Amino acid sequence: MRQVAKRIASEAFARASAENGWNETAGISIDITTPKEEKFGDFSCNVAMILASRLKSNPRAIAEKVAEQMRGDEIVANVEVAGPGFINMTLKPSAWASALGEVFTAKDGFGKTNDGNGKKVIVEFVSANPTGPLHIGHGRGAAFGDSLARVLKFAGYAVHREYYINDVGLQMDNLGRSTLERAREVHGLPFGEPAYKGEYMKDIAREFLAREGDGVLNLPPEEALARSRAFTAGSILDGIRHDLAEFRVGFDEWFSEESMHKAGSVNNLIDLLLKSGHIYENEGALWLKTDDSGDDKDRVVKRANGPTTYLAADIAYHKDKLDRGFDIMVDVWGADHHGYISRLKAVIAALGADPDRLATRLVQIVNLKRGGELIAMSTRSGVFTTLREIMDEVGVDATRFFFNMRSADSQMDFDVDLAKKQSDENPVYYIQYAHARCANIFVTALDKGFAKSASPENEPLSQLERPAELKLVKKLLKFPDVVSSCASALHVHPVASYLLDLAGVFHNYYKHNRVVTEDAELTRARLVLVDAARMVFRSGLDLLGVSAPERM
RNA sequence: GCGCCCGUAGCUCAGCAGGAUAGAGCAACGGACUUCUAAUCCGUAGGUCAUUGGUUCGAAUCCAAUCGGGCGCACCA
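The rules we used
- Residues numbered from 1 in each chain as written.
- Chains lettered and ligands numbered in written order.
- Predicted model: local features only at pLDDT ≥ 70, side-chain atom pairs only at ≥ 80, totals over all residues.
- Heavy atoms only, no water.
- Helix = DSSP H or I, 4+ residues; strand = E, 2+ residues; numbered from the N terminus.
- Buried < 20%, exposed > 50% of the residue type's maximum accessible area, 1.4 Å probe, protein only.
- Contact = heavy atoms within 4.5 Å.
- Areas by Shrake-Rupley, 256 points an atom, 1.4 Å probe, with all protein chains shown as cover.
- Lys, Arg positive; Asp, Glu negative; His and termini not counted.
- Charge placed at Lys NZ, Arg CZ, Asp CG, Glu CD.
- Arc of directions from axis to C-beta.
- Expected span 1.5 Å × (residues − 1).
- Pairing = 2+ DSSP bridges.
- Near = heavy atom within 4 Å.
- Polar contact = N/O pair within 3.5 Å; in protein donor to acceptor, adjacent residues only side chain to side chain.
- Axes fitted to C-alpha atoms, helices over the stretch in contact; angles between N-to-C directions.
- Right-handed = clockwise from strand over helix to strand, strands pointing away.
- Parallel < 35°, antiparallel > 145°, perpendicular 65-115°, else oblique.
- Left-handed = near helix turned anticlockwise from the far one by under 90°.
- Nonpolar A, V, L, I, M, F, W, Y, C, P; charged D, E, K, R; others polar.

What about the overall build of chain A?
- For chain A, the count of helices and strands is 20 helices and 15 strands.
- For chain A, the C-alpha atoms occupy an extent of roughly 85 × 60 × 45 Å along the three principal directions.
- Scored against the burial criterion, the 552 residues of chain A give a buried share of 48%.
- Long-range pairs, those at least 24 residues apart, make up 70% of the contacts in chain A with a sequence separation of at least 6.
- Looking at chain A as shown, the accessible area adds up to about 25500 Å², and 48% of this sits on carbon and sulfur atoms.
- Looking at chain A, you have 68 positive and 77 negative side-chain charges, and the mean spots of the two groups are 3 Å apart.

Right under this line is the structure:
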């Protein structure tokens, strides 16, 4: 509907410009906003104020001339110039009512947009090292990345979700050794302090022995380590997959770093960049030139003693993404990796691609709050709660909602007590309850002989012209705008805010207006309204990865 | 020392391609169940948008500085 308003305003502006000979209009874009106060109408436009400074003229006078042109449109009820020069437009109730009907005729489902226009986007997220179970910080990244992928898909992008597995390197050796030490411990043999000290490592060691047999400890150290490393990483990764699946997070691909090394693509790429001059040698090591792209110094890609670094693999990985033809690469990282952004931008540039094709999203730290006490999460202090624990304790719906209720890039306090409460204090149920109420209305309706309409757009929607209905109709029709704006800003939390807002409007409506009444015409129209609300609640909750129960 | 993020109501946070009187939830206080589910609704109260200066018709929003909190600055990943 905002698009319709924008069209009306743009055309009016063009006519006014022609009539008044305004020439300084180049580059002026018509921006249509929804004013926060109802009395200012349905839509507002500030073009007159922008133009005023260029024409050195009175903004209100300019606004009046544009407004005059808008008044002619047949779906416009009223246009007013207000404040410093806002043009406020109110559309006819009949226009809103019939727009509601279009909700049901939208080909792919209401709210879906074509912002992406089929563009290929890869969202890489979680990508936690397979050295231990996911903690709640990973959980936030998982909830955000997954919902972002859902939003982008909803907005018309061809989305590919990927998990990058760091399955090589020093840490993996340490991990393998840790299992071997634990295995020795199990057998009462002398053992050293393992690098990875978590309890889960003991279980893995026992499984490892059961699988390989006790003789594995007598193998040559290299051989034993290789087996232990592979087993441990595999076992931990299985656990991660399992947790994520239960958290309703899925991936199209689990991309192994090791596979690139085996294929030789990391070294090949280094050679290529050596030739192109983006990589040079110094003091026995190979360095990537990054300093002209914002990073403060060059970075080592191959150490003097031989092995390639993490960055080297990341260059190859992003080259691979580019080769696979993704127009946009979204990398979701923990906030502690922010220093890595400029480095990776430099990588993209070195690969000959536009750095703007890479968008990084940082997910900030989560602090747990229990009994009013904050528990700081930090790997350093060894205090961390696993995603599994929190999922089991508060449930997937509440956990996902809480993570996506706040902007990903601001730190959040996760109030476990509040999230666990199955009461009115918990915002997630406020929305789910609204959905359940919608569903229940149809149970009642059917009872009274009102079947769900097969063609809602043909129902007597002109009944929906009272303020109470219009308010809900207008809120519902904002859903596509929310989706669009989330997709372009790579945000998710506005969906949660919107649903909370919509639920408020709906509950208010429900409380003060009965849907199923003796008035058949009115009932049929209102059932369409409720059906639309039901659809938006379900779609919106699905974007957040939260279930939409039929009854509660 | 350099860089990034953050500072908005008692608490948790929106708002930040500059717009009209700064919002929501929770907590507090007062009301509403004979109705399609009270996991709901209605009302009251709550603010120096960290501070200072700048940009302009207009700044919570943009710029600079300062103060506070978090996090980075590896031939780790």
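So much for the structure itself; the text now carries on.
So, helix H13 (residues 387-394)
- Of all the positions in H13, only Leu387, Ile390, Met391 and Val394 are classed as buried. Take H13 and look down its axis: the buried residues cluster within an arc of 100 degrees, on one side only.
- In this structure, the buried residues of H13 make contact with helix H5 (136-154), helix H8 (221-246), strand S13 (366-370), helix H14 (396-405), strand S15 (412-415) and helix H15 (416-420).

Description of helix H7 (residues 200-212)
- A rise of 1.5 Å per residue sets the reference length of H7, with its 13 residues, at 18 Å; its end C-alpha atoms lie 18 Å apart and thus fit the reference within 8%.
- Met201, Ile204, Ala205, Phe208 and Leu209 are the residues of H7 that are buried. When H7 is viewed along its axis, its buried side chains cluster within an angular range of 140 degrees and face the same direction. Opposite the buried face of H7, by more than 90 degrees, sit the exposed residues Ala210 and Arg211.
- In this structure, the buried side of H7 is in contact with helix H6 (170-186) and H8.
- Of the residues flanking the end of H7, it is Gly213, one or two places downstream, whose phi is positive at about 85 degrees.

Focus: the pairing of S15
- Residues Met412 and Phe414 of S15 are buried on one face, while the alternating residues Asp413 and Asp415, pointing to the opposite face, are not.
- Sheet analysis places S13 next to S15, joined by 4 bridges and oriented parallel. Residue pairing in the sheet places Val366 in a bridge with Met412 of S15.

Remarks on the environment of Phe110
- Considering the arrangement of structural elements, one finds Phe110 in the loop between helix H4 (93-105) and strand S5 (120-124).
- Overall, Phe110 belongs to the buried group, its relative accessible area being 11%.
- Residues Phe110 and Ser235, 125 residues apart in the sequence, show an inter-C-alpha distance of 42 Å.
- The residues touching Phe110, leaving out its near neighbours within four places in the chain, are Val103, Phe154, Leu476, Leu477, Phe479, Pro480, Met535, Val536 and Ser539.

A word on the protein's contact with RNA strand B
- The local shell around RNA strand B holds 62 residues, among which Lys39, Phe86, Asp424, Tyr433 and Asn440 are the closest.
- At the protein interface, 63% of the atoms of RNA strand B within 4 Å belong to sugar or phosphate.
- One of the side-chain N or O atoms of Lys369 is found 3.3 Å from a sugar or linking oxygen in RNA strand B.
- Between RNA strand B and Asn513, the relevant distance is 2.3 Å, taken from a base nitrogen to a main-chain nitrogen or oxygen of the residue.
- Of all the elements in the fold, those that place two or more residues in the surface near RNA strand B are strand S4 (86-91), strand S10 (299-302), S15, helix H16 (427-447) and helix H19 (493-512).

Description of the sheet that holds S15
- Within the open sheet, the 3 strands sit side by side as S14-S13-S15. Their pairing is mixed. The open sheet is flanked by strand S14 (373-375) and S15, the only strands paired with a single partner. Averaged over all neighbouring strand pairs, the angle between strand axes comes to 35 degrees, with direction disregarded.

Thoughts on the pairing of strand S12 (residues 358-363)
- Where strand S11 (residues 328-334) and S12 come together, 6 bridges link them in parallel fashion. Directly across from Val332, in S12, lies its bridge partner Arg361.
- For the segment spanning S11, helix H12 (residues 341-350) and S12, crossover handedness is right-handed.

Topic: the packing of helix H18 (residues 479-489) against H19
- Close contact between H18 and H19 brings their axes to 9 Å; oriented N to C, the two are set at 160 degrees. Relative to H19, H18 is oriented roughly antiparallel. For the crossing formed where H18 meets H19, the hand is right-handed. Within the contact between the two elements, H18 uses Phe479, Val482 and Cys486 and H19 uses Pro494, Val495 and Tyr498.
- Tallied by class, residues from the contact of H18 with H19 come to 6 nonpolar, no polar and no charged.

Here's the deal with the packing of H14 against H16
- Across the interface, H14 lies against H16 with an axial gap of 9 Å and an inter-helix angle of 110 degrees. When the axes of H14 and H16 are compared, the pair comes out roughly perpendicular. Considering how the two elements wind past one another, H14 and H16 form a crossing that is right-handed. Side by side, H14 and H16 meet where Asp397, Ala398, Phe401, Phe402 and Met405 of the first sit next to Pro427, Val428, Ile431 and Gln432 of the second.

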